[in-house]
Structure formats: C-alpha cells, structure tokens
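Close look at the chain arrangement
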Amino acid sequence: MDEKPSLYQLLVETGAACGETAGILDISYLRSAHQRRQRIVEAAGSASLDGRPTTADRLFAWLGEVPMQAQANLGAESYASGDAGTVVADVRIARGDGEATLPLGREAAQLAESARARVGRDPLASAAFLFRGKDAITPASRAAYIIFLRRILGPAEPALSPLFMGIEAAAKRSAAAFDGYMADRLARASRRALVSARTLRSGLAAAYSTLGKVRSSSHILPIAEQLFAGHPLTIASASRIFGISRLAARKHLVRLEAEGVAEAVGRRKTGVVYVARDGLMTFGQASPSPAPRATSRL
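Residues numbered from 1 in each chain as written. Predicted model: local features only at pLDDT ≥ 70, side-chain atom pairs only at ≥ 80, totals over all residues. Heavy atoms only, no water.

1. Observations concerning empty space enclosed by the protein
In the structure shown here, the tally under the stated rule is one cavity of 30 Å³ or more. The space that makes up the largest cavity amounts to roughly 40 Å³. If you go around the largest cavity, you meet ten residues; those closest to its centre are Arg37, Phe60, Leu227, Val275 and Ala276. (1 Å grid on protein atoms, 1.4 Å probe; cavity = no way out; pocket = protein on both sides within 12 Å on 5 of 7 lines; lining within 4 Å. Points joined across faces, edges and corners; volume = space filled by probe spheres on them.)

Shown next, in the form of structure tokens:
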C-alpha cells in the first residue's frame, strides 16, 4: 500500500503546481481571465459553506446577467457576490476589479495582514493563526486566508473553500493533524487551479487558431477575447463596447458560435447572451430552456 504523502511532499507539490500555473499564465490577459474564474469558484464555495449552496457556473451566470433557472437557495448568488457582505471579500474581489470595499472585505484584509505580520509567509502557520481558535472559522477568516495566499502563491490563486468541508473538525484536532489537512487541501486546490489554467489556455489557443486568418481590422478577435475574459455578451453589448453596428456584432457572434468558440446560453430582454466555450464554465442549468439561436435578420 502506498504511503501517505508527507507534509513536505504536499507543500512541494503545491509550489510546483502553482509555479507551473504561473508559467502558463504568462500574459496579463490570460492571468486575469484565470483569476476571475478562480475567485468565482472560491466565492461559490464560500457561500455553500455558509449554508447558501450554489455553483461557480451559477455565480458566473449571475455576475454576467445570464438568465438562470430559479432555485430555493436563499439568494445564494447574491450572497456569494457580496451583496450580503459574505464572499471571498466582496463583489469587486470576486470580479477581480480591485480591493475590498464592504465591511467583510476590510475585516478580511486586516486579518490577512495580521497573519502576515505574525507568521510571515508560512501557509500552514497562517492557517493555524486564522482557524485554530474558538469560533475562528468565519467568512472573514476564510477570505483572509485567500488574500494571504494570493501574496505567496502568485497568479495560480487556488480556490480552497470548495475543499473546506470538514475544516471545523480538523481545527479541533492536533496541530500535526490540522497541518496535514491544510497541506492536503492546498495541494489539491493547486492541482485543480493548474488544470483550469491549462484548459483555459488551450481553449483560447484553439480560438486563435480557428480565427487566425481573419483581417486585422476585424473585431471578431477582440470579441472572442472579451468572452474568454469571462464577460458574457449580447449583440447589443458587443455593438456598444466595440463601436460597431448591431449587424456586424451579430455576424461576429454567430460565427463564433458556429466555429465552436462561443455558445448561446440564454436570452435577456436585450437579446441572446453568448459566453466563451472555455471548457471550464458550463451553463447547462443557467437557462430554463435552450437558448434560441440568433438566425433571423435584424
């Protein structure tokens, strides 16, 4: 029977996975696209731990205003995005736009700074500092740990909350047992982040390959990049953002769908919503019925 990985092996594995992820995310656009997805995964996991179960796909759809099938989850998507003050830090961090502005975000940032001042860059000692105390495991302490890890693990930014089931029990065990639990979760989350980064990069590379012969003046590549950045588009929004006619925007989006680069996932009042077919976020449950194809002329 194989021996259980040692603490050292797990930490080395975490570092190696995060290092490889950083190498994959070698351009700022790709890095931002990856981190947006990881933060959404983290926010959805955090909300689920707080008894507001949702998925990363549903939260991604909610943030992108993609119509979703209603669920009795106590408004989990709004809760996860920060409107209720409980998320990775707040909606701005979940969207990757900046620093925390809600009270929870400020509390988490202060806790992360306290952990850094107390233990330096040690991911296990910081976890013990934040979680091994009476009633210490809170949305703020989980958010603080994620903020702490962003500073030491680089652009990989592994989402941990989806793997934190059982953390309260682990925090009550011996220091060695808790360290083993955290090291295992760090390694698993880092491996997941690496797989996500590889998938995102290969999806984007396939899109470039498919569209590689378009004219440099065409807006189809920028539209594809906007979708892969994690921002759903309609014909109207693509027309507005890129300063092109609605007819041109429709032509580009329909072609991206035909080429397998994008998919139509729902319909707002303003029209069909398109997202990147990135192999990571799926919207099979986002819309109560299949989205109509944009085939009629404007």
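This is not the end of the story, as more comes after the structure.
2. Observations concerning the packing of helix H10 (residues 175-210) against helix H11 (residues 220-228)
Running from N to C, H10 and H11 cross one another at 165°; their axes reach a closest spacing of 11 Å. As the angle between them shows, H10 and H11 are arranged roughly antiparallel. Regarding H10 and H11, the two cross each other, and that crossing is right-handed. Across the interface between the two elements, Leu200, Gly203, Leu204, Ala207 and Tyr208 from H10 touch Leu221, Glu225 and Phe228 from H11. For the contact of H10 with H11, the per-class residue count stands at six nonpolar, one polar and one charged. (Axes fitted to C-alpha atoms, helices over the stretch in contact; angles between N-to-C directions. Helix = DSSP H or I, 4+ residues; strand = E, 2+ residues; numbered from the N terminus. Parallel < 35°, antiparallel > 145°, perpendicular 65-115°, else oblique. Left-handed = near helix turned anticlockwise from the far one by under 90°. Contact = heavy atoms within 4.5 Å. Nonpolar A, V, L, I, M, F, W, Y, C, P; charged D, E, K, R; others polar.)

3. Thoughts on the environment of Leu221
In this fold, Leu221 is placed in helix H11. Along the chain, Leu221 and Tyr208 lie 13 residues apart, while their C-alpha atoms are 7.7 Å from each other. Excluding residues within four positions of it along the chain, Leu221 makes contact with Tyr208, Leu211 and Val214.

4. Looking at the packing of helix H2 (residues 28-49) against H11
Running from N to C, H2 and H11 cross one another at 35°; their axes reach a closest spacing of 9 Å. Contacts between H2 and H11 involve Tyr29, Ala33 and Arg37 from the former and Ala224, Glu225, Gln226, Leu227 and Phe228 from the latter.

5. Description of helix H8 (residues 139-153)
With 15 residues, H8 extends 21 Å between its outermost C-alpha atoms, agreeing within 8% with the 21 Å of an ideal straight helix rising 1.5 Å per residue. Across the 15 residues of H8, 13 count as buried, placing the element largely inside the fold. Count one or two residues on from H8 and you reach Gly154, which has phi positive near 75°. (Expected span 1.5 Å × (residues − 1). Buried < 20%, exposed > 50% of the residue type's maximum accessible area, 1.4 Å probe, protein only.)

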